[in-house]
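The lines below spell out each chain.
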Protein chains: 2
Amino acid sequence: MNSTNFMELALVQAEKAAQIGEVPVGAVVVNSDGKVIASAHNLVETQRDATAHAECLVLKEAIGKLNQKFLDGCDLWVTLEPCIMCSGAISYARIRRLYYAAEDKKSGAVEHGSRVFSQVTCHHKPEIYGGIMASKSARLLREFFAERR
Amino acid sequence: MNSTNFMELALVQAEKAAQIGEVPVGAVVVNSDGKVIASAHNLVETQRDATAHAECLVLKEAIGKLNQKFLDGCDLWVTLEPCIMCSGAISYARIRRLYYAAEDKKSGAVEHGSRVFSQVTCHHKPEIYGGIMASKSARLLREFFAERR
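Residues numbered from 1 in each chain as written. Chains lettered and ligands numbered in written order. Predicted model: local features only at pLDDT ≥ 70, side-chain atom pairs only at ≥ 80, totals over all residues. Heavy atoms only, no water.

Considerations on the relation of the copies chain A and chain B
Next, step 1: Take chain A, turn it by 180 degrees, move it 0.0 Å along the axis, and it overlays chain B with an RMSD of 0.0 Å. With respect to symmetry, the two chain copies, as superposed, fit the operation of a two-fold axis. When C-alpha positions in chain A are compared against the rotation axis, the closest is assigned to Met85 of chain A, at 2.0 Å.
Next, step 2: A share of 100% of interface residues in chain A that are also interface residues in chain B marks the association as one of identical surfaces. (Least-squares fit on C-alpha atoms with pLDDT ≥ 70 in both. Contact = heavy atoms within 4.5 Å.)

Printed below as a string of structure tokens:
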């Protein structure tokens, strides 16, 4: 699979989220063999838990499946720039590479706000690739909120 | 119960963590009636999950118990300055007041590093009270690491 395919899988997750009324953000974790080991989308409304973001859920799932404390060598693909909480989780989980689609000016913490991975208190920084299939992800989000306003 | 008592309960959790080889950080969530509704400590080793910090665990527990998305009106008592991930979770969960004991110069994100709650991308900021029973918490941590070096 090439890069676009993994982001497409994350976007499929985001679409699933939209279908059940969740903000459309999806994520997958890929191991060093290029195999998808976990997929998740936003579940804030379903789980009635404001912290149930796609990234935190997919990291927990991957950690559980591998039964290891860290996700060394694994990559995270997510359709929106991670927030501060999820960026922290990405750092703790020792994700190798972070790929994300749309930027998030309001709550993003990678290239906005706290810029988590640039802080001296950040002890693990993944390689970061933003903007992959960004327009498709941004459109999904725009349409989702447009329908609800 | 007064302030000191709630932090003592959080410290009891931290001591429990130390007893099973977990970094001694403990937390409790107290509702607006002054009742402890959730208690947790660090479980990174036990759960083999680098994101299993006391604060995230206790917030999830409280959210689950109340079956509500946000913890409006609830306070969090924790024995160490929260990291960036946990500070994000505290903000999303809409904790009313954050009380913590020892500062964490290495990984703290309240008065160090990202200073999460001072960012424009932070959409909910609790009232913050640091330094409560700080020396007892700092001693617990110091002793824990001293034994392991």
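Description of the environment of Ala138 of chain B
All names here are of chain B.
Next, step 1: With respect to the helices, strands and loops of the structure, Ala138 is situated in helix 4 (residues 134-147).
Next, step 2: Given a relative accessible area of 26%, Ala138 falls into the partly exposed group.
Next, step 3: Between the alpha carbons of Ala138 and Leu80 there is a distance of 8.2 Å; along the sequence they are 58 residues apart. (Helix = DSSP H or I, 4+ residues; strand = E, 2+ residues; numbered from the N terminus. Buried < 20%, exposed > 50% of the residue type's maximum accessible area, 1.4 Å probe, protein only.)

Observations regarding the sheet that holds strand 1 (residues 26-30) of chain A
Residue and element names in this part refer to chain A.
Next, step 1: Reading across the sheet, the five strands line up as 2-1-3-4-5 and stay open at both edges, with mixed pairing between neighbours. Each having just a single partner strand, strand 2 (36-41) and strand 5 (127-129) make up the two edges of the open sheet. Adjacent strand axes in the sheet meet at a mean angle of 15 degrees when their direction is disregarded.
Next, step 2: The pairing of strand 4 (residues 97-102) with strand 5 spans three bridges and is parallel. From the neighbouring strand, Arg97 faces strand 5, where its bridge partner is Glu127.
Next, step 3: Contacting strand 1, strand 2 and strand 3 (75-80), helix 2 (residues 54-66) crosses the sheet at an angle of about 150 degrees to strand 2.
Next, step 4: Where helix 4 (residues 134-147) meets the sheet, its contacts fall on strand 3 and strand 4, and the angle it forms with strand 4 comes to roughly 55 degrees. (Pairing = 2+ DSSP bridges. Axes fitted to C-alpha atoms, helices over the stretch in contact; angles between N-to-C directions.)

Looking at the pairing of strand 2 (residues 36-41) of chain B
Next, step 1: As judged from the five bridges shared by strand 1 (residues 26-30) of chain B and strand 2 of chain B, these two strands associate in the antiparallel manner. Looking at strand 2 of chain B, one finds that Val30 of chain B is bridged to Val36 of chain B.

Regarding the confidence of the model for chain A
Next, step 1: On average, residues of chain A carry a pLDDT of 95, and 97% of them reach 70 or more.
Next, step 2: Across the whole predicted complex the pTM is 0.95, and at the interface the ipTM reaches 0.93. (pLDDT = per-residue confidence, 0-100.)

Here we look at helix 3 (residues 84-92) of chain B
Next, step 1: Burial analysis of helix 3 of chain B places eight of its nine residues in the buried class, which makes it a mostly covered element.
Next, step 2: Considered for burial, the residues of helix 3 of chain B that qualify are Ile84, Met85, Cys86, Ser87, Gly88, Ala89, Ile90 and Ser91 of chain B.
Next, step 3: Contacts from the buried residues of helix 3 of chain B go to helix 3 (84-92) of chain A together with helix 2 (54-66), strand 3 (75-80) and strand 4 (97-102) of chain B.
Next, step 4: Positive phi shows up at Arg94 of chain B, right after helix 3 of chain B, with a value of about 60 degrees.

Some details on the side chain of Ser114 of chain A
Next, step 1: One can find Ser114 of chain A in the loop between strand 4 and strand 5.
Next, step 2: Using a relative accessible area of 2% as the deciding quantity, one classes Ser114 of chain A as buried.
Next, step 3: With sequence-adjacent residues up to four places away left out, Ser114 of chain A is seen in contact with Ile84, Ala109 and Gln119 of chain A together with Ser114, Val116, Gln119 and Thr121 of chain B.

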